[in-house]
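Analysis of the macromolecular model
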Amino acid sequence: MIEIAAILSIIVQHWEDFFIIIVMLLINAGVRFWEENKAENAVELLKNKLAITARVLRDNNWQVINARELVPGDTVRIRLGDIIPADLILLEGDYLNLDESALTGESLPSNKKSSDIVYGGSIVKKGEMTAIVISTGVDTFFGKTTSLVSEAKKESHFQKAVINIGNFLIVLAIGLVLVVFIVGLSRGENMYELLQFALVLIIAAIPVALPAVLMVSMAVGASDLAKKKAITKRLLSIEELAGMDILCSDKTGTLTKNELSIGEIVAFENYTPKEVIQFGVLASREDDKDPIDDIFINKFRAMEGDTKDFVIQKFIPFDPITKRTEAVVVKDGQTMRVSKGAIQSILSLVSDKDSITSIVEERENRFASEGFRVLGVAKTEGKNIWHFIGIVSLFDPPREDSASTIKKAIALGMDVKMITGDHIAISKQTASELGLGNNIVSASTLFEEGDTNCLNLVQNTDGYAEVYPEHKYKIVEFLQKKGHIVGMTGDGVNDTPALKKANVGIAVSNATDAAKSAADIVLTEPGLSVIIEATEESRKIFERMKSYTTYRIAETVRVLIFLVLVILTYNFYPITAVMIVILALLNDLPIMAIAFDNAKPSQYPNRWKMRRILFVSSILGLTGVCFSFILFLIGKNLLQLSVLELQTLIFLKLAVSGHMTIYLTRTEENNFWHKPYPAKKLIVISETTQVVATVFAAIGVFMTPIGWILAIFVWGYAILSFLITNFIKVMAVRHVRVRGSGMPKIADRIVTAIP
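So, how was this worked out
- Residues numbered from 1 in each chain as written.
- Predicted model: local features only at pLDDT ≥ 70, side-chain atom pairs only at ≥ 80, totals over all residues.
- Heavy atoms only, no water.
- Buried < 20%, exposed > 50% of the residue type's maximum accessible area, 1.4 Å probe, protein only.
- Helix = DSSP H or I, 4+ residues; strand = E, 2+ residues; numbered from the N terminus.
- Salt bridge = Lys/Arg side-chain N within 4 Å of Asp/Glu carboxyl O.
- Pairing = 2+ DSSP bridges.
- Axes fitted to C-alpha atoms, helices over the stretch in contact; angles between N-to-C directions.
- Contact = heavy atoms within 4.5 Å.
- Arc of directions from axis to C-beta.
- Core = buried A, V, L, I, M, F, W, Y, C linked by side-chain atoms within 4.5 Å.
- Polar contact = N/O pair within 3.5 Å; in protein donor to acceptor, adjacent residues only side chain to side chain.
- Patch = residues over 30% accessible without salt bridge, like charges linked within 9 Å, V, L, I, M, F, W, Y side chains within 5 Å.
- Areas by Shrake-Rupley, 256 points an atom, 1.4 Å probe, with all protein chains shown as cover.
- Parallel < 35°, antiparallel > 145°, perpendicular 65-115°, else oblique.
- Left-handed = near helix turned anticlockwise from the far one by under 90°.
- Nonpolar A, V, L, I, M, F, W, Y, C, P; charged D, E, K, R; others polar.

Details of helix α16 (residues 424-434)
- Along α16, the positions that sit buried rather than exposed are Ala 425, Ile 426, Ser 427, Thr 430, Ala 431 and Leu 434.
- Directly after α16, the chain includes Gly 435, whose backbone phi takes a positive value near 80°.

As structure tokens, this is what we get:
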């Protein structure tokens, strides 16, 4: 339409119209080009991560090839430090100790032996084995994660809101302008000039710049979020973050530290907890960098203990068959053996097993019910007789700020749900510590239910345990089906499908590159407290966007209905096509400044309540129509102004009152002077454009001058109408709120009828 209006300007030789319209066209085209060229590369990054090397047996020779060249049936060799290149079945070798946290979220290393299946993407911490490739590429466990990411689609509530607003204004504008056009033709007016005026009026009425202005608001907001240590990768996620009502948080590495720590220590016989840890340290070797060994060593250092009086003569590392470590130690000339490992393995060593088994198992079960993993420690005394000396509990501790962050999130109207691959008992204990509640369910059990039951269970639980990537994806999908705006935090490859699917995917500071690429927002500081600040900031941004939207609809209603009313009743065009374009250009600066305005964040998730926005904007717009029409009658009948002077008078009224309306849209049911006060930038720009419009009207730039006396009169009239409109708006909004209705029924029907 803008292009057609420009061509018509050339036909009727209105060159000033042509150049002004071309400027608007170029600005809009530039913004669209910038927006459409933003790239997302999550899937590509995941594929690149698969491009690792592998040692493969080809033609009876071991050779190193790119992992993507592997095929099922290949024989590969896996050793310390390798990333598993594909899904494999282990064949020969002692065992492998694997870090699978990036895939499963499980913080404790996993031990694998012959005939076990290992998944591509896991990291070998200890051991060396030969294996057969069973799945490669997208058929692997890791590859299916890639597929889930590529399938994830997002539908923005912002885009829906813009479409709804646009549809309403388009229907209103085209309908009224069509009436003007038909009436004008019936009166014998020049068709080209009439068509040009109609097109310019439509351009001014339809919010062609609405997406651009709201994008600028979010871009400015993204800069503010960056200062809060939250990097925004997708601008639309800011609006989604403001409306987020459910936050799904990955447990390992997000709510917890992903660092196993020693919890309660139960000492037996006459030993102390410190001695239990000491003998556990003696059954460890620091050079092996075994995660369990490191936990004991670090704990003992924190206890300020030392083992300088002990000499380790022999050390037997962890064996997945015996499930324990062992060392031969000498102190003061006496030799002893020490061991740590699985409870049952340690119990099998001790001589008084029958007498202590029930006590040990009772303690073991209690720890397990509380979400702890346990290890046993034993040592020999006298004639090589083993004694059970203690139980050591292990857990992944919550981050220091997790509980307070969750509490703040709940205060902001968000429901926080924990998602983890851990056992359900561990999950319940962690959830209890964080104040999330105990209603934790197993994902495998959850998705065995029918669709209806599953939807309800997903919505009503506090968290989900024993979760795999496809489960996380489904959880987010099901919550979205229930009408929720879902946020998902995570750090590992296993989180990427859900991060991509969620309305707001949030990668924490220590996230993998794949998780960061799939996410909408990347945190640059540890912990979830940044999310709270980002949420509050996004809600301020939302309030600014809502203020602009209300203003834009009100202005369209005010200008369009007033012009059509005067044209139909008096056969008089109250402003020219050039004046309409100038009004549109003068409006651009203040509405851009809304992006920098002060705003108060809502205490609840924001939603685009279009009926309410339409109600408020209609009150402002229709009140403006009344005051503009009254001024038109004053200028025509009382002041006896000429046609050109009357057009200038109306132009100035529309410009001054229009910019004052911005202050009325900042608050919904409060008076314009209530906090937060307008930002200095908004005031300066808004008042400057009003002064420019006044100068144009007073001295005659692109229009007939009316002089300073009439200009001052228009200002006084505009201020009076501004104060009265403020009173009407506040009373109307409070009235419908008291009645418990979002807006009158007639307005509700209007919005419902719009596609």
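Points about the pattern of salt bridges
- One pass over the structure, following the stated rule, counts 14 salt bridges.
- Residue Arg 366 pairs with Glu 264 through a salt bridge whose shortest N-O separation is 3.7 Å. You can see Arg 366 sitting in helix α14 (residues 353-369) and its partner Glu 264 sitting in strand β10 (residues 261-267), a full 102 residues away along the chain.
- Residues Arg 558 and Glu 555 are paired through a salt bridge, measuring 2.7 Å at the closest nitrogen-oxygen approach. Of this pair, Arg 558 and Glu 555 both sit in helix α22 (residues 529-570), separated by three residues, roughly a single helical turn.
- Judged by relative accessible area, which is 6%, Glu 555 ranks as buried.
- Where salt bridges share partners, they join Arg 77, Arg 79 and Glu 128 into one cluster.

What about the sheet that holds β10?
- Strand order in the open sheet formed by six strands is β10-β15-β14-β13-β12-β11, with antiparallel pairing between adjacent strands. Edge positions in the sheet fall to β10 and β11 (311-319), since each has one partner strand and no second. When the angles between neighbouring strand axes are averaged without regard to direction, this sheet yields 20°.
- Two elements, β11 and strand β12 (residues 324-331), share six bridges in a ladder whose sense is antiparallel. Opposite Asp 319, over in β12, you have Arg 324 as the bridge partner.
- Strands in contact with helix α11 (residues 273-282) are β10, β11, β12, β13 (334-341), β14 (373-381) and β15 (385-395); relative to β10, the strand with the most contacts, it is inclined by about 115°.

Digging into helix α15 (residues 402-411)
- Residues of α15 that are buried: Ser 402, Thr 405, Ile 406 and Ala 409. Buried residues of α15, viewed axially, fall in a sector of 100°; they line one side. Among the exposed residues of α15, those oriented more than 90 degrees off its buried face are Lys 407 and Ala 411.
- The elements touched by buried residues of α15 are α10 (251-255), β16 (415-419), α16 and α22.
- Positive phi appears at Gly 413, one or two residues downstream of α15, with a value of about 85°.

Thoughts on the nonpolar core
- Formed by 51 residues in total, the largest nonpolar core has its most connected members in Met 218, Ile 238, Leu 255, Leu 436, Leu 523 and Ile 553.
- Per-element accounting of this core gives the leading share, ten residues, to α22.
- The contact partners of Leu 255, leaving out residues within four places of it in the chain, are Ser 249, Asp 250, Pro 398, Arg 399, Ser 402, Ile 406, Met 418, Leu 434, Leu 436 and Leu 528.
- Formed by 49 residues, the second largest nonpolar core is a distinct cluster that contains Leu 583, Val 625, Tyr 663 and Met 703.

Focus on the sheet that holds β16
- Taken in spatial order, the eight strands make up an open sheet running β8-β21-β20-β19-β9-β16-β18-β17, and their pairing is mixed. Looking at which strands have only one partner, the edges of the open sheet turn out to be β8 (230-232) and β17 (440-442). The mean inter-strand angle of the sheet, taken between neighbouring strand axes irrespective of direction, is 20°.
- Relative to strand β21 (residues 521-523), β8 runs antiparallel, the two sharing three bridges.

Some details on the side chain of Asp 74
- With respect to the helices and strands, the residue Asp 74 is situated in the loop between β2 (61-66) and β3 (75-78).
- At 2.6 Å, the side chain of Asp 74 and the side chain of Arg 58 are in polar contact.
- Other than its neighbours up to four places away in sequence, Asp 74 contacts Val 56, Arg 58, Glu 69, Ala 131, Ile 132 and Val 133.

Digging into the environment of Leu 70
- As for its placement among the helices and strands, Leu 70 is situated in the loop between β2 and β3.
- Distance from Leu 70 to Thr 53, taken between C-alpha atoms, is 9.5 Å for residues 17 residues apart in sequence.
- Discounting residues that sit within four places of it in the chain, Leu 70 has contacts with Ala 54, Val 56, Arg 58, Ile 65, Val 76, Pro 85, Ala 86, Val 133 and Thr 136.

Describing a nonpolar patch on the surface
- Taken together, the side chains of Leu 720, Ile 724, Phe 727, Ile 728 and Met 731 define a hydrophobic patch exposed on the protein surface, amounting to about 440 Å² of accessible area.
- Inspection of the secondary structure puts Ile 728 in helix α27 (residues 707-738).
- A relative accessible area of 33% means that Ile 728 is categorised as partly exposed.

A word on the environment of Pro 320
- With respect to the helices and strands, the residue Pro 320 is situated in the loop between β11 and β12.
- Taking relative accessible area as the criterion, Pro 320 reaches 12% and is therefore assigned buried.
- Expressed as a C-alpha distance, the spacing of Pro 320 and Asn 97, which sit 223 residues apart in the sequence, is 9.0 Å.
- Non-local contacts of Pro 320, meaning those with residues more than four positions away in its chain, are made with Asp 94 and Tyr 95.

Remarks on the packing of α22 against helix α23 (residues 577-593)
- Relative orientation of the contacting elements α22 and α23 amounts to 165°, with a least axis distance of 13 Å. By the criterion of interaxial angle, the relationship of α22 to α23 is roughly antiparallel. Relative to α23, α22 is oriented so that their crossing is right-handed. Between α22 and α23, the contacting residues are Tyr 548, Tyr 551, Glu 555 and Leu 563 on the first element and Ile 580, Asn 587 and Ile 591 on the second.
- Residue composition of the contact of α22 with α23, grouped by class: five nonpolar, one polar and one charged.

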